[in-house]
Amino acid sequence: MTLQLGEKHFSSAQPESAVRRIVTFKVGDRTFGIDVGMVREIKGWQATTPLPHAAPHVRGVLNLRGVILAVYDLRTSIGLGLTDATATHVIVVVDIEDKVAGLLVDSVSDIVDVPVSAVRPAPDLERDEHGLIEGLVLLDTDIVALLDLAAVIRDGGVESPARTARPN
Amino acid sequence: MDPLAELKQTFFQECEELLGALELKLQALDEGSTDSEDVNAAFRAIHSIKGGAGAFGCTELVAFAHVFEASLDHLRSGRVAIADAPFSLFLRCSDAVADLVSAARNDEPARPRPDLLEALERVGQADAPKPAIAAPEAVKPAPAKAGAVQPEAAKPAAKKAAPKPAPASADDAPPGLAALGNLLAMVEAKAGGAPVAADDGWDDTPAVSTPPLKPGNDIRLSIRPDSDLFRRVIEPRAVFAILPAEDIVSITCDLSHVPPLETIDVTDCWMRFTVLLRTQMSVEEVYGKFDFTLSSEEFEVELLASAAKDDASTVFEAEPAPSADVSEVSQDVAADLSAILARLGPAPAAAGEPDIAPAAPAAPSPAIARQAPRPPANDAVAARQRQAVSVRVDLERIDKLMNLVGEIVITQSMLVECVRSLPYDIYAKTAEGILTLSRQTRELQDHVMAVRAQPVKAVFQRMPRLVRELAQTLGKEVRLVLEGENTEVDKTIIEELADPLTHMIRNSMDHGLETPEDRLAAGKPPEGVIKLVAEHRAGRIVISVTDDGRGIGREKLLAKAKSRGLVGADEKLAPEEIDQLIFAAGLSTAEVISDVSGRGVGMDVVRRNVESLGGRISVDSEPGRGCKFTLALPLTLAVLEGMVIRCGDDRYVIPIASVIETQHLASTPIEHLTFGQEVLRWRGEVTPLHRLGAVMGSTGTPNENIIIIAETERGDNVGIAVDEIVGQQQVVVKSLEGNYGTVNGASAATILGDGLVALILDVDSMLRLAASSERSPAPVLKMAG
């Protein structure tokens, strides 16, 4: 009974009772969101160890209580260049595909409940060739872009073929 | 993972252990042991595998295991003498079971082995009379070689025991069994009242008039708990609840030991229980059930002799449970019975389970006594106690523990830094505490490492099978000698050992050992010996594979090396140097590409594998006398002795194992070749030089001062220019693959004292990186760390 209270609340307003609880965060003036279930923890910026010749959006690796994880710069991922990280920047630690990864963002804003029916499919934009955005949610005046985390970290560990090609 | 899958996983893990045990025991028996405990252990192993396989629906496995079990049972029951048993067949069957298990594990279709099944079914068929097959455990004739003399010995005993003429059907049974049948009639008569029904006593089918009790073993369980039973928070009812209710015939409580009310301490337990069971479970299974709650002195499980008969419920009926007198009577009877059985055959009634029925008088079988100086019962008890104190732990949990210890080490080194800034009087005291802490953390780390340590047995156990199979393929006679199987190394190393060992043994079997004819011609015994030895030496594990074969064919090897251009045509090499060529890539001296060699997996691959583990391999050969490969490996992959170096703002760790020496850049002559490639002259050689900061894309401004001369996998040297050597320390190796992926130039990472991550350099991978990045411009985008 008690577990369903939250859903009931929505189900009175919406025929589809399912709700997604989303963590929203900011990069510049843009708002992004991911499901709260994927977030392991949120921690302040910490110096990372760069990896040799990694993709630009891979900031490096970090020690999270004995576990080494890579930190991805979301600003770089969306094409806005490197984040000039300071103590106020935030790393969102997420679980994705059996891996733990860090997402460098400017700040974490909120946790909101969004009815599943309110999630719109991402517009088929040519610029989003990596498919980083899984859906859009209109929240007050903000458009929250729901991130496909797998796409964000995708090109990290794999060496791009351009680098290994040897011009003769 | 869902619970069933998890259970299944556990089952397969257990299977591996059981298969190891099975093989070990069969091997021991094959080599001449006549210890009946070995037979029992082998039987139990296959029985357990069958049981588990049944639970998980592995039908093929169950079917095979069943036949295998049945033929082993012939041995256990003595219908087939140990000396005559086809152990080579059994060993092949054990391999087949291993195949079936791995097929079941990987959900692959199992390969049926009708040939083996047929052979198994033939075991014991020739001389096993039908009634004997139905004979339950309690009346098994003595095992081993004694079996042959038994009928003669048994006959007079039977007459003695049974003055009455034996009933008709008993005549068909072997004489020993006939005697028992009569004996049972006596038991029943003595136990009181029940009609002597010996004429159907040996019938396979239960008599129509059988009372509702289902067939099974009649087991008496005597529980004499220590007086502190209640204080151990054990409730007798809970103890009995372990047993299936339908199996319990009666529970009797003996209160005669309860002291008078005025002196009693109510927290003491003075009750004793006798439970009679009619159950499908074996004595061992019942024993196993109580082994958890009660100590072995507190209870006793006896297979009642009357269980030999299917309709022997008369014993239970005749035994008015609550009466202590009657139980005394039946104990007398049991004693009589055992005494007579002792005369009947050389083994006591319950020879199958000497450890479980300690009450049975020990009349040692001559065969057993010769082989086993210690009483087998004690051995078994000791083994059980050893098992009881070990725990199966998920490696992941230990990894977490390891992580935590690593964290503590880091925190502690952080504390050391903080403390330095304290005023002296406070500092002195704190420093002392931190010193103690660091000693304790080091100890903690050692102990966690010890938890991860495992005997190399896990890998060694796989080798006999390999040798057997190869011997068959190659037509060679080989004896494999294992030594130091209990030498412990970290689990991570154990997993990596299997491949190199397999190749080394393959190599010895194929190239080293000669065929029996050649050996005889060379004045050697036809059977070759391969020795696999493990030992600890100076913080490493040293494993050697020694064969007494023909040794390395130096001329052939050298000729081959010269034809490949690995050695100059006119070059003179010392014999030892020639031997080392065996590790060179692409050199196979096998004339014929066989099943065993010529698959492109040579000793060069072994060397590469070993070196990637931070180990070394060497060879020692004496022509005509044999060859010895020695493998030295670190005890763990979780910790590595490393040199911390700095380039610009970044620090790296280079494994000490790959460092040959260090020197100042300023004092080293450097030559510039084309495209910025630098070389340095070192010990009369020209050695390529790489600037680490540039190769790895370090941040900050590099200011190279030091050259580290490192060794590559191929044995070449390379110079690596770095800014500074920060220090040398043990580092905990952390995987990069787990959460990221492979990183070129680095094999793993570690966490340094300040909590930051440093990459652990992999020299060869770094060189590959250097080769690729020097020819193409490095990415323009640099990270601001």
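As a reminder, the structure under discussion sits directly above these lines.
This is a predicted model, so every value here is computed, not measured.

What follows deals with the side chain of Lys476 of chain B. Residues and elements named next belong to chain B. Locating Lys476 in the fold gives a position in the loop between helix H18 (463-474) and strand S6 (478-483). Despite its burial, Lys476 pairs with no opposite charge; the closest candidate is Asp510, at 4.6 Å N-O. From its side chain, Lys476 meets the backbone oxygen of Asp510 in a polar contact 3.0 Å long. For Lys476, the contacting residues outside a window of four places in its chain are Ala471, Met509, Asp510, Leu513, Glu514, Thr515 and Pro516.

What follows deals with the environment of Asp106 of chain A. Residues and elements named next belong to chain A. Note on placement: Asp106 falls in the loop between strand S7 (99-105) and strand S8 (107-115). Residue Asp106 is classed as buried on the basis of its relative accessible area, which comes to 18%. Residues Asp106 and Thr88, spaced 18 residues apart in sequence, show a C-alpha to C-alpha distance of 7.5 Å. If we skip the residues at most four places from it in the chain, Asp106 touches Lys26, Val27, Gly28, Arg75, Thr83, Thr88, His89 and Val90.

Before going further, it helps to spend a moment on the nonpolar core. Among the nonpolar cores identified, the biggest contains 60 residues, and Phe25 and Val92 of chain A together with Ile645, Ile654 and Leu692 of chain B are the most heavily contacted of them. With five residues, the single largest contributor to this core is helix H3 (residues 149-153) of chain A. The residues contacting Ile654 of chain B, other than those within four sequence positions of it, are Gly642, Met643, Ile645, Val659, Ile708, Ala710, Ile720, Leu761 and Val763 of chain B. With 47 residues, the next largest nonpolar core counts Ala471, Met509, Ile578 and Val610 of chain B among its residues.

So, about unusual backbone geometry. Among all residues except glycine, the phi angle is most often negative; among peptide bonds, the trans geometry is most common. All names here are of chain A. A positive phi angle, near 50°, is found at Glu97, a position not held by glycine. For Glu97, the location among the structural elements is in the loop between strand S6 (90-96) and S7. Although it is not a glycine, Asp98 adopts a positive phi angle of roughly 65°. Counting through the fold element by element, Asp98 comes out in the loop between S6 and S7. Residue classification places Asp98 among the exposed positions, given a relative accessible area of 80%.

The next subject is the packing of aromatic side chains. Residue and element names in this part refer to chain B. Scanning all chains against the criterion turns up six aromatic pairs over all chains. On the numbers, 6.5 Å between centres and 40° between planes, the contact of Tyr424 with Tyr427 is tilted. Separated by three residues within a single helix, Tyr424 and Tyr427 lie in helix H16 (residues 424-452), roughly one turn from each other. When its relative accessible area of 65% is taken as the criterion, Tyr424 is described as exposed. For Tyr427, a relative accessible area of 28% corresponds to the partly exposed category. Counting every residue linked through ring pairs, the aromatic cluster contains Phe64, Phe68, Phe87 and Phe90.

The rules we used
Residues numbered from 1 in each chain as written. Chains lettered and ligands numbered in written order. Predicted model: local features only at pLDDT ≥ 70, side-chain atom pairs only at ≥ 80, totals over all residues. Heavy atoms only, no water. Helix = DSSP H or I, 4+ residues; strand = E, 2+ residues; numbered from the N terminus. Buried < 20%, exposed > 50% of the residue type's maximum accessible area, 1.4 Å probe, protein only. Lys, Arg positive; Asp, Glu negative; His and termini not counted. Salt bridge = Lys/Arg side-chain N within 4 Å of Asp/Glu carboxyl O. Polar contact = N/O pair within 3.5 Å; in protein donor to acceptor, adjacent residues only side chain to side chain. Contact = heavy atoms within 4.5 Å. Core = buried A, V, L, I, M, F, W, Y, C linked by side-chain atoms within 4.5 Å. Phe/Tyr/Trp six-rings, centres within 6.5 Å; stacked < 30°, edge-to-face > 60°.

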